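Read off the chains here:
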Amino acid sequence: MRARKVVGALVLLGALLLIGVRLGWLPLADAWNPWAPLDVRAKPNLLTRFKLSRLQDDPQLCDQALATSGLRTSRQPDSRADVDCPLSNTVRVQGGDIALSSSFLASCPLAVAFALYQRHGLQPAAQQVFGQGVARVDHLGSFACRNMYHRKIGWRSEHASANALDIAGFRLSDGRNISVLKDWPKDSAEGRFLRLARDGACDAFNVVLGPEFNSAHRNHFHLDLGPLWRCR
């Protein structure tokens, strides 16, 4: 009985603290304030995924996060609700500090996650292995109105809502190209970098799949913000 009272008191105290932070009564650094806008420049922490999830239905809040990202993006109009794969809160990502093989359409949270990945996962991996940065990301696209694995019947892919991106390779600052298909199997600096780049994506995306997952991903990393959590 006493233990139950202690737990109840702690829950009440926690709720009061959260309310105090939410209303601004208790000062808290933005990085640890659940309701502060996500700053891509800040190192990811335990609240980053929660802050990313808040961006899905809040375009204005998502734009605030994008303003810290260094990405060049343009807002896209929402599609009609009656189309096969309706889109809302999307942007076109055109590049930034790192070039792209082509622009891609992304849900706003996916664009923010991609910026987090570039800054805190991808570039540190390249610096660690090669002592230089990544100059370009080569991708296979993002939006595709289809089911998973192109099946006629089944779950919609996260690509169908522009909530996934497939990355096939990278170009380093010295012009060297690194391919997931060719370099992943190698016991080399390139192979080591690709594993670090894959693992680093797990801090920004909910699902990260690569060649170790299955043969369908032998030539790319699949990154998405779907409801599942998986890093392979």
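About the thresholds
Residues numbered from 1 in each chain as written. Predicted model: local features only at pLDDT ≥ 70, side-chain atom pairs only at ≥ 80, totals over all residues. Heavy atoms only, no water. Pairing = 2+ DSSP bridges. Helix = DSSP H or I, 4+ residues; strand = E, 2+ residues; numbered from the N terminus. Axes fitted to C-alpha atoms, helices over the stretch in contact; angles between N-to-C directions. Contact = heavy atoms within 4.5 Å. Disulfide = S-S within 2.5 Å. Buried < 20%, exposed > 50% of the residue type's maximum accessible area, 1.4 Å probe, protein only. Expected span 1.5 Å × (residues − 1). pLDDT = per-residue confidence, 0-100. Polar contact = N/O pair within 3.5 Å; in protein donor to acceptor, adjacent residues only side chain to side chain.

Looking at an unreviewed UniProt entry, one finds the protein named Extensin family protein, with Pseudomonas sessilinigenes as its source organism.

Draft legend 1. Inspection of the sheet that holds strand β1 (residues 72-76) at higher detail. Taken in spatial order, the 3 strands line up as β1-β2-β4 in an open sheet, and their pairing is antiparallel. The open sheet has two free edges, formed respectively by β1 and β4 (104-107), since each of these has just one partner strand. Between one strand axis and the next, the sheet turns by 35° as a mean value, whatever way the strands run. Sheet topology places strand β2 (residues 90-95) next to β4; 4 bridges connect them, and they run antiparallel. Looking across to β4, one finds that Thr 90 is bridged to Ser 107. Contacting β1, β2 and β4, helix α4 (residues 108-130) crosses the sheet at an angle of about 105° to β4.

Draft legend 2. Spotlight on the state of the cysteines. Taken as a whole and assessed by the stated rule, the structure comprises 3 disulfides. Across the disulfide, Cys 85 is cross-linked to Cys 145 (sulfur-sulfur distance 2.0 Å). Here the disulfide of Cys 85 and Cys 145 is right-handed, its torsion about the S-S bond being about 80°. Residue Cys 85 is found in the loop between β1 and β2, and its partner Cys 145 is found in the loop between β5 (134-141) and β6 (164-172); the two are separated by 60 residues along the sequence. For Cys 85, a relative accessible area of 9% gives the class buried.

Draft legend 3. Looking closely at helix α6 (residues 189-201). Compared with an ideal rise of 1.5 Å per residue, which puts 13 residues at 18 Å, α6 spans 18 Å between its outermost C-alpha atoms and is within 8% of the ideal. Among all positions of α6, only Glu 190, Gly 191, Phe 193, Leu 194, Ala 197, Arg 198, Gly 200 and Ala 201 are buried.

Draft legend 4. Representation of the pairing of β5 in the model. As paired elements, strand β3 (residues 99-100) and β5 share 2 bridges and run parallel to each other. Its bridge partner being in β5, Ala 99 is matched across the sheet by Arg 136. For β5 and β6, the ladder comprises 6 bridges, and the chain directions are antiparallel. The residue bridging Asp 138 from the neighbouring strand is Gly 169, located in β6.

Draft legend 5. Focus on α4. The end-to-end C-alpha distance of α4, which contains 23 residues, comes to 31 Å, matching closely the 33 Å that a straight helix rising 1.5 Å per residue would cover. Among the 23 residues of α4, 17 are classified as buried, and the element is accordingly described as predominantly covered. Following α4 by one or two positions, Gly 131 has its phi on the positive side, about 70°.

Draft legend 6. Local environment of the confidence of the model for the protein. Scored by pLDDT, the protein comes out at a mean of 90, with 88% of its residues at no less than 70. Below pLDDT 50 for its whole length, residues 5-18 participates in 2 contacts with residues either more than four positions away or in separate chains.

Draft legend 7. Layout of the side chain of Thr 68. Note on placement: Thr 68 falls in the loop between α3 (59-66) and β1. In this structure Thr 68 comes out as buried when scored by relative accessible area, which is 15%. Reaching out from Thr 68, the side chain makes a polar contact with the backbone nitrogen of Val 40 at a distance of 2.9 Å. At a separation of 2.7 Å, a polar atom in the side chain of Thr 68 contacts the main-chain carbonyl oxygen of Ala 65. Setting aside its immediate chain neighbours within four residues, Thr 68 contacts Leu 38, Asp 39, Val 40 and Arg 41.

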